[in-house]
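Descriptive structure summary
So the chains spell out like this:
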Amino acid sequence: MAAGAMSVLIADKYVDDSRYAAAYARDKSSISGWGPLKIRRALALKGLGRETIEEALAAADTEAASARMEKVLGTKLRSLISAGNNYRQKPETEGKSAEFAIRMKMLRFAASRGYGYEEAASVIERLMSEL
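Let me begin by describing the structure that accompanies this report.

A tally of regular secondary structure across the protein gives seven helices and zero strands. The order of helices and strands in the protein, counted from the N terminus, is α-α-α-α-α-α-α. Put simply, the protein has 131 residues, and 31% of those count as buried. For the protein, the share of sequence-separated contacts (at least 6 apart) that also reach a separation of at least 24 residues comes to 64%. For the protein, the computed accessible surface area is about 8,600 Å², with 55% contributed by carbon and sulfur atoms.

Pasting the structure below:
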């Protein structure tokens, strides 16, 4: 009985790795604000194949993902500055400017969220120049 039910679910694609991976990628990207690197790593840890993972990431909305990255990084920058880290008013410490320290914190945060250096660095540059 259970084996029959499972075969029906598999045949009707209710139990399907591709479907699961696409839903996982979409949800983690839109709800949690994860970047593609973190999603790829999480799906690989779940034992999904490389092709399945790449298909799931390709199906994700890249424009919406870029907008989410900008929103997440903008929020982080505002929190760093409001926490007393206004880099324009802080003196240099240990040979590094406060602006450099903020940039490094932002890059580490972006990497922890699964965004690549190139895409995050350009957004961080623009956000900091707008202050």
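Another point: the nonpolar core. Residues L73, L77, I102, M106, A120 and I124 are the most contacted members of the largest nonpolar core, which totals 17 residues. Among the elements that line this core, the one with the most residues is helix α7 (residues 117–129), at six residues.

Time to look at the packing of aromatic side chains. Any two aromatic rings considered together are summarised by their centre-to-centre distance and by the angle between their planes. Enumeration according to the criterion identifies two aromatic pairs in this entry. Look at Y20 and Y24: their rings are 5.8 Å apart centre to centre, the planes differ by 35°, and that puts the pair in the tilted class. Of the two residues, Y20 and Y24 both sit in helix α2 (residues 17–30), four residues apart, roughly one turn of that helix. Judged by relative accessible area, Y20 falls into the partly exposed class, the value being 39%. With relative accessibility at 13%, the residue Y24 sits in the buried group. With a centroid separation of 6.4 Å and an interplanar angle of 70°, the aromatic rings of Y24 and W34 are classed as edge-to-face.

Turning next to helix α5 (residues 62–82). If you check α5, its first and last C-alpha atoms are 30 Å apart, about what 21 residues at 1.5 Å a residue would give, namely 30 Å. If you check which residues of α5 are buried, you get R68, M69, V72, L73, G74, L77 and L80. In this structure, the buried residues of α5 make contact with α2, α6 (98–112) and α7.

Here the focus is the environment of S112. Tracing the backbone shows S112 in helix α6. Among the residues examined, S112 registers a relative accessible area of 42% and is labelled partly exposed. Taking C-alpha positions, S112 is 9.0 Å from G35, a pair spaced 77 residues apart along the chain. Within the structure, S112 has its side chain in polar contact with the backbone oxygen of F109 (distance 2.7 Å).

A word on helix α3 (residues 36–45). Restricting attention to buried positions, one finds in α3 the residues I39, A42 and L43. The buried residues of α3 occupy an angular sector of 95° when the element is viewed end-on, so they sit on one face. In this structure, the buried side of α3 is in contact with α2 and α4 (50–58). A positive backbone phi angle near 90° is found at G47, which sits one or two residues after α3.

Turning our attention to the side chain of T52. Along the chain, the position of T52 falls in helix α4. T52 has contacts with D17, S18 and A21, leaving out every residue within four places of it along the chain.

Thresholds applied
Residues numbered from 1 in each chain as written. Predicted model: local features only at pLDDT ≥ 70, side-chain atom pairs only at ≥ 80, totals over all residues. Heavy atoms only, no water. Helix = DSSP H or I, 4+ residues; strand = E, 2+ residues; numbered from the N terminus. Buried < 20%, exposed > 50% of the residue type's maximum accessible area, 1.4 Å probe, protein only. Contact = heavy atoms within 4.5 Å. Areas by Shrake-Rupley, 256 points an atom, 1.4 Å probe, with all protein chains shown as cover. Core = buried A, V, L, I, M, F, W, Y, C linked by side-chain atoms within 4.5 Å. Phe/Tyr/Trp six-rings, centres within 6.5 Å; stacked < 30°, edge-to-face > 60°. Expected span 1.5 Å × (residues − 1). Polar contact = N/O pair within 3.5 Å; in protein donor to acceptor, adjacent residues only side chain to side chain. Arc of directions from axis to C-beta.

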